[in-house]
2 protein chains.
Amino acid sequence: MEDFFDVIKVKDFISIIRQMPLLGTEEVSLENSGGRRLARDYFSHEDLPATNRSSMDGYAVISGDTFGAGDSNPAYLQVAYSISIEDNPQAGIEQGSCAGIVTGATLPPGADSVVMIEHVHDMGQGTIEVRKPVAPGENVMLRGEDVAKGDLVMHTGQVIDPRRTGILAALGWNRVQVFKRPAVALISTGDELVDISQRPGPGYIRDVNTHALGEMLRVQGYDPYLPGIVSDDEQALKEVFSKTLEHSDVVLVSGGSSVGNRDYTLKALSEIKGLEIQAHGLAISPGKPTIFARRGRQCVWGLPGQVTSAQVVMLILVLPFLGHLQGEKDPFTLREEFLIRARLSRNLASRYGREDYVRVRLEKSGEQIMAIPVTGKSGLLRTMLQAHGLVRIPENSEGLSKDHQVLVRLF
Amino acid sequence: MEDFFDVIKVKDFISIIRQMPLLGTEEVSLENSGGRRLARDYFSHEDLPATNRSSMDGYAVISGDTFGAGDSNPAYLQVAYSISIEDNPQAGIEQGSCAGIVTGATLPPGADSVVMIEHVHDMGQGTIEVRKPVAPGENVMLRGEDVAKGDLVMHTGQVIDPRRTGILAALGWNRVQVFKRPAVALISTGDELVDISQRPGPGYIRDVNTHALGEMLRVQGYDPYLPGIVSDDEQALKEVFSKTLEHSDVVLVSGGSSVGNRDYTLKALSEIKGLEIQAHGLAISPGKPTIFARRGRQCVWGLPGQVTSAQVVMLILVLPFLGHLQGEKDPFTLREEFLIRARLSRNLASRYGREDYVRVRLEKSGEQIMAIPVTGKSGLLRTMLQAHGLVRIPENSEGLSKDHQVLVRLF
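Residues numbered from 1 in each chain as written. Chains lettered and ligands numbered in written order. Predicted model: local features only at pLDDT ≥ 70, side-chain atom pairs only at ≥ 80, totals over all residues. Heavy atoms only, no water.

Undergrad: Break down the overall build of chain A for me, citing the residues and quoting the values.
TA: Looking only at helices and strands, chain A has 7 helices and 28 strands in total. In terms of principal-axis extent, the alpha carbons of chain A reach across some 95 × 55 × 40 Å. The burial tally for chain A puts 55% of its 411 residues in the buried class. When the accessible surface of chain A is split by element, carbon and sulfur atoms take 47% of a total near 16800 Å². Each charge class in chain A was averaged separately, 43 positive and 51 negative side chains, and the resulting centres sit 8 Å apart. (Helix = DSSP H or I, 4+ residues; strand = E, 2+ residues; numbered from the N terminus. Buried < 20%, exposed > 50% of the residue type's maximum accessible area, 1.4 Å probe, protein only. Areas by Shrake-Rupley, 256 points an atom, 1.4 Å probe, with all protein chains shown as cover. Lys, Arg positive; Asp, Glu negative; His and termini not counted. Charge placed at Lys NZ, Arg CZ, Asp CG, Glu CD.)

So this is what it looks like as structure tokens:
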């Protein structure tokens, strides 16, 4: 069976797919930008905060006036005036004086800190008593302390998550420049497939992939076009490929990508004008029967028909690839800091020269987190429910031993 | 300041909010069910697979016929007939015979395994040569091996993620019973706030919370109603609360929840008919000025105005609470298996009796993952960009020491 594929290493495959050019860009409102990738660097055009701001209700003071203040030795200050939110105080305060101030308001010239209202006793006749010293800068946000004018705040390719939404809002970017989302089509092929609303006769099964892989795309914010089930028929496949390529950046087809009797995906793809098969067969398990074909800025992925295998290829390669198309810098590399470290509960064999992805369940055992490989034939749907994530066995390994520390990528 | 709040422990607060009744249920199509919570247990009404199925193209055999087969001692079998996907073979195979079979097709009576086509040599005249033995069950999925009729597949309150979508599709549930999503309104209050499209004058700042907290809700699949900015005015607040309560299950209001000069949220809430203030002040940092008020099946949350504090309360309490309303079983408890274990880079002080959440950055250092507290005043937006997650310092602790192992909850 090996010989029918021209198996390539995952690293080489990634080099091929990374050559695909990035998508175009567009401007969207901040409310609609969640999950999108920024299409340019964002430098701040202002200081945040714009002035020295009080972060408490209280009195703006010269901190030196409060040094040594305590219950037995309070400091007494004259309240020169009061500052509200909209004021831009020009009159400075002098030694021995202070100004009432509300949260967010601008400090007057001379003041370097704020005494919280709770720590002050109003003596009447414009005098306050302070029984606790404040340090310079206390209860104050200095102009530009958060973001200074000219700072690089975010850069091209970064994903807009709620934290970044917050910064964009704070700096007034109510419209943002993002990469277009790829138009993705998702096709299931197989004579044995029926729509999920039908009760399959013997030999037939319901079309799981349209739903399971479709949901993986939707979770990431894509809106896949779903032309439905295509039979194992070269002509039918060719037609659906041609049709979906008319309005898709990326066509995903699950099933028929292997080398069996009824695997027509490769043949059909090779007959589409201008489409070049760049890979057929990947040194990965599961996921070996993966195809990548390109036509200019468009591409078609052949994915395994077995849903558990297709999901691994989606997670490890397709979803990062969609990030690449939107300018993400290094979507194929996971940072070790964000993976779960666990101890392997038993030996795991692997074939040298192939990257293996093993489904594991995580369980706490004493102070250890154990990664327990989920057994059962590949293709069993319940292995997906039982597992929490994937362990990668690298290409240059013949397996991992029990108690080995592994890094688990959560689903 | 302490005295103005009636601070309660996080545990007690959770007991209060868990008393809120669950939302109603509805039926949605599988395509639209992603992220929703199941409103009933799902028991399988069929076996999956429905028959003994071949998982390869090849020949269905009696495994015993291949025992001992090898290059020097091949087994020879007669091909009785061939089985395609749609066949439901009734004729059994006998010793010394086999049946051609395609992936997914039903095994004939008598056969217990499948020899892959790649391991067979066709001798012509209906005879095949097998040079490798197969074990009973090899390349076969037995009837009900994945899911047996009557199995509990998923239960009430579970979130529909892509893996669960796959199982639901495989078992033909093209419509699923889920809890309704809560109708959530999100209000920002503060005299100092301006819409993000405006350039704020001195003392004013842009309304970050509507966007940052709104995006946290959208990421989780909610569609918040955003009535906009309300000034620090008791009457205006009362009106917007009354209005939004007309069509919301949950009203979130950020700002004005503390005890300062301009904090009218509590007062306004206490004047809404039927609304009972159940908590004001939480032993959590940041997030102390949190309010919870209830009117029957509806509730209002007062959140801190400072966005970094509001985000912590959203993550730790509000989002899990929204899960609770949709039947999630234990949304407030994180499983340790899914948190990142890291070593603390420096001492962290905390106040006994208060749960502290500290923003940390994760960094690999040799073989260790370090959790580095992000310094800077709370309220600085950039601390959110710099941090990867939160470390919790429990209530009964006065802090954590350098090199202590901590569990990090990623943002």
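Undergrad: Break down helix 6 (residues 307-325) of chain A for me, with residues and values.
TA: Maximum bend of helix 6 of chain A: about 50°, positioned at Met314(A). The buried fraction of helix 6 of chain A amounts to 19 of the 19 residues, a majority that puts the element mostly inside the structure. (Bend = angle between axes of the 7 residues up to and from the residue.)

Undergrad: Could you give an account of the packing of aromatic side chains, with specific residues and numbers?
TA: For the structure shown, the criterion picks out 12 aromatic pairs over all chains. Residues Phe13(B) and Trp301(B) carry aromatic rings whose centres are separated by 5.4 Å and whose planes lie at 75° to one another, so their mutual orientation is edge-to-face. With Phe13(B) in helix 1 (residues 10-17) and Trp301(B) in strand 21 (residues 298-303), this pair connects stretches of sequence that are 288 residues apart. Owing to a relative accessible area of 0%, Trp301(B) belongs among the buried residues under this scheme. Aromatic pair Tyr42(B) and Trp173(B): ring centres 4.8 Å apart, planes at 80°, arrangement edge-to-face. Of the two residues, Tyr42(B) is situated in strand 2 (residues 42-43) and Trp173(B) in the loop between helix 2 (162-170) and strand 12 (175-179); the sequence distance between them amounts to 131 residues. With respect to burial, Tyr42(B) and Trp173(B) carry one shared label: buried. Among the aromatic residues, ring-to-ring pairing joins Phe13(A), Phe292(A), Trp301(A) and Phe321(A) into one connected group. (Phe/Tyr/Trp six-rings, centres within 6.5 Å; stacked < 30°, edge-to-face > 60°.)

Undergrad: I'd like a description of the relation of the copies chain A and chain B, backed by residues and values.
TA: The two copies are related by a screw operation: chain A maps onto chain B through 180° of rotation and 0.0 Å of translation along the axis, at an RMSD of 0.0 Å. Given the turn and translation reported, the copies of this chain are related as if by a two-fold rotation axis. Of the C-alpha atoms belonging to chain A, the one lying closest to the rotation axis is found on Ile340(A), 2.9 Å away. The share of interface residues of chain A whose copies in chain B are also at the interface is 100%, consistent with both copies meeting through the same surface. (Least-squares fit on C-alpha atoms with pLDDT ≥ 70 in both. Contact = heavy atoms within 4.5 Å.)

Undergrad: Describe the pattern of salt bridges, naming the residues involved and giving the relevant values.
TA: Scanning all chains against the criterion turns up 43 salt bridges over all chains. In this structure, Glu271(A) and Lys238(A) form a salt bridge, with 4.0 Å as the shortest nitrogen-oxygen distance. A residue pair is termed long-range when its members are at least 10 positions apart, and Glu271(A) in the loop between helix 5 (265-270) and strand 18 (276-280) and Lys238(A) in helix 4 (residues 234-245) qualify at 33 residues. Here Lys238(A) falls in the partly exposed class, since its relative accessible area comes to 24%. Across the pair Glu215(B) and Arg218(B) runs a salt bridge, and its minimum N-O distance is 3.0 Å. Residue Glu215(B) and its partner Arg218(B) are located together in helix 3 (residues 209-219), separated by 3 residues, close to a single helical turn. (Salt bridge = Lys/Arg side-chain N within 4 Å of Asp/Glu carboxyl O.)

Undergrad: An account of the sheet that holds strand 5 (residues 75-83) of chain A is requested, with residue identities and associated values reported.
TA: All names here are of chain A. Spatially, the 6 strands line up as an open sheet ordered 7-4-6-5-9-8, and their pairing is mixed. Each having just a single partner strand, strand 7 (113-116) and strand 8 (120-124) make up the two edges of the open sheet. The average angle at which neighbouring strand axes cross in this sheet is 40°, direction not considered. (Pairing = 2+ DSSP bridges. Axes fitted to C-alpha atoms, helices over the stretch in contact; angles between N-to-C directions.)

Undergrad: Could you give an account of the sheet that holds strand 16 (residues 225-230) of chain B, naming the residues involved and the relevant values?
TA: All names here are of chain B. Pairing in this open sheet of 6 strands is mixed, and the strands run 16-13-17-21-20-18 from one edge to the other. The sheet is open, and its two borders are formed by strand 16 and strand 18 (276-280), each paired with just one other strand. Between one strand axis and the next, the sheet turns through 15° on average, direction left out of account. Helix 1 contacts strand 18, strand 20 (291-295) and strand 21 of the sheet and is inclined by roughly 20° relative to strand 20. Across the face of the sheet, helix 6 (residues 307-325) comes into contact with strand 13 (184-189), strand 17 (250-254), strand 20 and strand 21 while running at roughly 170° to strand 21.

Undergrad: Mind laying out the domain arrangement of chain A, listing which residues take part and the relevant values?
TA: Once the domains are mapped, chain A shows domain 1 (2-24 + 180-325), domain 2 (25-48 + 146-179), domain 3 (53-141) and domain 4 (336-410). When each unit is reduced to the centre of its C-alpha atoms, the spacing between domain 3 of chain A and domain 4 of chain A is 59 Å. (Domains from an automatic or database assignment.)

Undergrad: Run through the interface of chain A and chain B, naming residues and quoting values.
TA: Counting residues at the interface gives 85 residues for chain A and 86 residues for chain B. A combined buried area of about 7400 Å² lies between chain A and chain B, and 59% of that area is made up of carbon and sulfur atoms. Area buried by chain A at its contact with chain B is led by Arg163(A), Glu337(A) and Leu385(A), which between them contribute 9% of it. The interface formed by chain A and chain B includes 6 salt bridges. A salt bridge links Arg206(B) to Glu46(A); its shortest N-O distance comes to 3.0 Å. For the side of chain A that touches chain B, the leading source of residues is helix 2 (residues 162-170) of chain A, giving 8 residues. Taken together, the residues that form the side of chain A that touches chain B break down as 36 nonpolar, 21 polar and 28 charged. (Buried area = accessible area lost by both parts, 1.4 Å probe. Nonpolar A, V, L, I, M, F, W, Y, C, P; charged D, E, K, R; others polar.)

Undergrad: Pulling in residues and values, what's your account of the packing of helix 3 (residues 209-219) of chain A against helix 6 of chain A?
TA: Residues and elements named next belong to chain A. Here helix 3 crosses helix 6 at 30°, and the two axes come no closer than 11 Å. Relative to helix 6, helix 3 is oriented roughly parallel. In this structure, helix 3 meets helix 6 at a crossing whose hand is right-handed. The residues of helix 6 that touch helix 3, namely those facing Asn-209, Ala-212, Leu-213, Met-216 and Leu-217, are Val-307, Ala-310, Gln-311, Met-314, Leu-315, Leu-319 and Leu-322. (Parallel < 35°, antiparallel > 145°, perpendicular 65-115°, else oblique. Left-handed = near helix turned anticlockwise from the far one by under 90°.)

Undergrad: Lay out unusual backbone geometry in plain terms, naming residues and giving numbers.
TA: The linkage connecting Leu48(A) with the following residue, Pro49(A), adopts the cis geometry, with an omega of -10°. Note that Pro49(A) resides in the loop between strand 2 (42-43) and strand 3 (53-54). A cis amide bond links Ser285(A) to the next residue, Pro286(A), at an omega of -5°. Relative to the elements of secondary structure, Pro286(A) occurs in the loop between strand 19 (284-285) and strand 20 (291-295). Its identity is not glycine, yet Asn139(B) carries a phi of approximately 60°, on the positive side. Take Asn139(B): it is sitting in the loop between strand 9 (127-130) and strand 10 (140-141). Here Asn139(B) falls in the buried class, since its relative accessible area comes to 15%. The phi angle at Asp403(B) is positive, at roughly 75°, despite the residue not being glycine. When you line up the elements, Asp403(B) lands in the loop between strand 27 (399-400) and strand 28 (405-410). Residue class for Asp403(B) comes out partly exposed when judged on its relative accessible area of 40%.

Undergrad: Describe the side chain of Arg53(B), and please don't skip the residues or the numbers.
TA: Residue placement: Arg53(B) occurs in strand 3 (residues 53-54). Buried Arg53(B), no salt bridge; nearest opposite-charge side chain is Glu192(A), N-O distance 4.9 Å. Among the polar contacts made by the side chain of Arg53(B), one reaches the main-chain carbonyl oxygen of Gly104(B) at a distance of 3.1 Å. For Arg53(B), the residues in contact, after removing those within four places along its chain, are Glu192(A), Gly203(A), Ile205(A), Gly104(B), Ala105(B), Leu107(B), Asn139(B), Val140(B) and Met141(B). (Polar contact = N/O pair within 3.5 Å; in protein donor to acceptor, adjacent residues only side chain to side chain.)

Undergrad: Quick rundown of the pairing of strand 25 (residues 368-373) of chain A? Include the residues and the values.
TA: Residues and elements named next belong to chain A. The buried fraction of strand 25 is high, at 5 of 6 residues. Relative to strand 25, strand 22 (residues 340-344) runs parallel, the two being bridged by 2 bridges. The partner of Arg-343 across the bridge, within strand 25, is Met-370. Where strand 24 (residues 355-365) meets strand 25, 6 bridges bridge the pair, whose relative direction is antiparallel. Bridge assignment links Lys-364 to a residue of strand 25, and that residue is Ile-369. Counting the residues between successive antiparallel strands, the hairpin from strand 24 to strand 25 contains 2 residues, one of them, Gly-366, with a positive phi of roughly 65°.

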